[in-house]
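Breakdown of the fold
Residue strings, one per chain:
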Amino acid sequence: MKILIIEDEQSLAGSIQQYLQRENYLCEIATDITPARQMIEDFTYDCILLDINLPEGNGLTLLKELKQDKKTDGVIIISARDGLEDKVLSLKLGADDYLAKPFHLAELSARIEAVIRRRYMQGESKLSYEDIVIDTLARSVSVQDQPIPLTKTEYELLLFLMINKGRVVTKNAIAEHLLGRSALYLDNFDIIYAHVKNLKKKLNSMGGVIKTIYGTGYKFS
Amino acid sequence: MKLLHYTSLRHLLFASLLTLISIPVFYVLLNDIFVRSIDRDLKMQAAQIPTMVSIIQTPQDLSLWKELDNDLEVLPLDSVQFHEQPFTRQEPLPNHKGMEDFRILQKKLQIMGRPYVVSIRASLFEKEDLIRTILTIQLGILILLLIGTVGINYFVHKRVWKPFYESLDYLRQFNIESDPSPLPTPLKIQEFTQLNHSIEQLSVRVRQTYFSQKEFIENASHELQTPLTVLKFKLELLLQTQDLTSEQGELIGDMYREIEQMQELNSNLLLLSKIENGQFISEEDIDVQGAIMELIDTLSLLAEAKDQQLEFKERTASRNKPLLLKKGNPMLFKIMVANLLTNAIQYSASGATIRLDLTDDSLSIINPGAPLTIPKAKLFTRFVQPGKKIKDKTKSSIHGGGNGLGLSIAGRIANYHKNLGMTLDYYYDQVKEENAFIIRWHKEN
């Protein structure tokens, strides 16, 4: 899978690249509109991460060009949190998703995964790991073909962990994925712990795939 | 009390007092002058007495003299008390119509070889009359003068203080955000020119400070954004390292959390600046119910973490018609309600029920608990924590969020929707022991 990161902050782009390359993603970086335009013309990417604030101007111009050229690259817009009008505009212009800064890398990879799944696995809405199968269209989960009734929170939790499989996902990232910005106002992570515990119990024999990494978070493996 | 009334009243009081004192003083003086002149007359008359006496040879002459002059009294020396100086005495009038004041001068004389006291008198009746008339005229003049001076004073002051009031108006309407309107140029009074000059200089300085401070906050927050994000990303990468001990993991987790708090503070400061700079547009309709439902959905887990319930009481009437606020900013509205709701969750005890009451023209966010500890006036200022957060003491606690900007942002957002008549107020219900934040807006017809 090829991903283009259009971001003017080198160190930011570098971190994203490093994080994503652990999966079988191949990441390339463009730091401004002109080089990005060149790269988009020359190659096809599965997903483009596009920062709105670029030195040469608004990143959304690139999105417009992409749509005019009828390119099918998936696009995730990245913007400052208080620029939420950008969100409406981005989605209107045909972006696949929108992510407000600051975000967690785990969240970003989950979004990328979702975009790629939607775009390139048409009709294939199922995600599986060993005996666990998640149907993202029906929002249902089954273990060894046995349907498992999960609450909305548990479903989101499982999906988030599974997409980030093989990585340590911090409790912070999970909390923010589930609670949004209000996660910062949690007194403690007991609620995350409680939901993970319930989820593991419901997954029965497969509950062991969610490993607790003490002090930091959880890992799906 | 207004300045003009104050000075006029003082002036009136002083003038009245002066008038009141001047009347008796004037009376005493006038009286004295009058008596003196009568005394002089009496003395002149008395000076002629010896020549008269020299004519008197017989007792008949004496009685004739006494009869001729009504105001004359001749008595033997031993039968009367002698006064060297003229004096005043009340004596009956000849027609018995009561008593009257007379001025009397006595003189010792030898008549036909025997000592006599001759008293001559003059009536003070006319004097009383005259003094009364003079005093009446004087009083009239004084009153006229009083009214005149107070009146003149009033109008002069009104004119003189006009530039002062204009300066006062200028200060009252002073808005640090908007461009200054020019100060009116005062009369040729030096003090007012100086005052206006000082005000102008002060407002320029205040504005400069304000804007540079604002700019600083904006720039600082903006510049901090990227390094903080980089730091966070690096920590997230560090966590992926295979051979991390749980202790190390915990330390990284703590750091991670602190960075998130800093980022939140940072983006809140930026948001506040952007609202204050008017960088948001209010062009969309706010679907109030929709916004609330969305927020309840996202915040339900936060409430669940404290075993709290969120109870949304929708409008009873016109339920099928969505409540739309025309020309607002839905994102800002959501941030406002989210901040208030997050506060309500944080500041009420575990297991509490937090209510959202929606009417056609207001939304109340009500939570049980002790009243906020800070005065109302300071509630919506930056970095003010409205009270003690109630945490579950039985559980371990991480550094919980909240940077004292939530209410400030909410207040600014209410202000921002002035076109909708939006206000944000705080009330405490003593009976039910409930805190309530109420967002009000103008009802559409």
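Details of the structure are given in the entry above.
Residues numbered from 1 in each chain as written. Chains lettered and ligands numbered in written order. Predicted model: local features only at pLDDT ≥ 70, side-chain atom pairs only at ≥ 80, totals over all residues.

Description of the overall build of chain A
Inclusion rule: In this description a helix means any DSSP run of H or I spanning at least four residues, a strand means any run of E spanning at least two, and both kinds are numbered starting from the N terminus. In this scheme the burial state of a residue depends on its C-beta neighbours within 10 Å: 20 or more other such atoms mean buried, 12 or fewer mean exposed, and anything in between means partly exposed; the C-beta positions come from the backbone. Contact between two residues is assigned whenever their backbone-derived C-beta positions fall within 7 Å.
The helix and strand tally for chain A stands at 8 helices and 14 strands. Across the 221 residues in chain A, those meeting the buried criterion constitute 44%. Considering only intrachain contacts with a sequence separation of at least 6, the fraction spanning at least 24 residues in chain A is 57%.

A closer look at the interface of chain B and chain A
Defined as follows: In this count, Pro and Cys sit with the nonpolar residues alongside Ala, Val, Leu, Ile, Met, Phe, Trp and Tyr, while Asp, Glu, Lys and Arg are called charged and the others, Gly among them, polar.
Taken together, the contact pairs 44 residues of chain B with 37 residues of chain A. Counting only elements with at least two residues in the side of chain B that touches chain A, the list comes to α5 (190-239), α6 (246-276), α7 (288-304) and α8 (330-346) of chain B. No other element matches α6 of chain B, which puts 16 residues into the side of chain B that touches chain A. Tallied by class, residues from the side of chain B that touches chain A come to 14 nonpolar, 17 polar and 13 charged.

Points about the environment of Thr 136 of chain B
Tracing the backbone through its elements, the reader meets Thr 136 of chain B in helix α3 (residues 125-160). Distance from Thr 136 of chain B to Ile 23 of chain B, taken between C-alpha atoms, is 9.7 Å for residues 113 residues apart in sequence.

Section: the sheet that holds strand β11 (residues 434-440) of chain B
Residues and elements named next belong to chain B. Just so we agree on the cut-off: The criterion for strand pairing is that DSSP finds at least two bridges linking the strands in question. Working convention: axes come from line fits to C-alpha atoms, limited for helices to the stretch in contact. Angles between N-to-C directions cover 0 to 180 degrees.
Pairing within the open sheet is mixed, and its 5 strands lie in the order β6-β8-β9-β11-β10. Looking along the sheet, the strands with just one partner apiece sit at the ends: β6 (309-313) and β10 (423-429). Sheet twist, expressed as the mean angle between neighbouring strand axes with direction ignored, is 15 degrees. In this sheet, strand β8 (residues 353-358) lies alongside β6 in parallel orientation, the contact comprising 5 bridges. Along β8, the bridge assignment pairs Glu 311 with Arg 355. Across the face of the sheet, α8 comes into contact with β8, β9 (362-368) and β11 while running at roughly 15 degrees to β9.

Describing the sheet that holds strand β11 (residues 146-148) of chain A
Residues and elements named next belong to chain A. Here 4 strands make up an open sheet; going across it, the order is β8-β9-β10-β11 and the pairing antiparallel. Two strands lie at the open edges of the sheet, namely β8 (126-129) and β11, each paired on one side alone. Strand after strand, the sheet turns through a mean of 25 degrees between neighbouring axes, direction not considered. As judged from the 4 bridges shared by strand β9 (residues 132-135) and strand β10 (residues 140-143), these two strands associate in the antiparallel manner. Pairing of Ile 134 across the sheet is with Val 141, part of β10.

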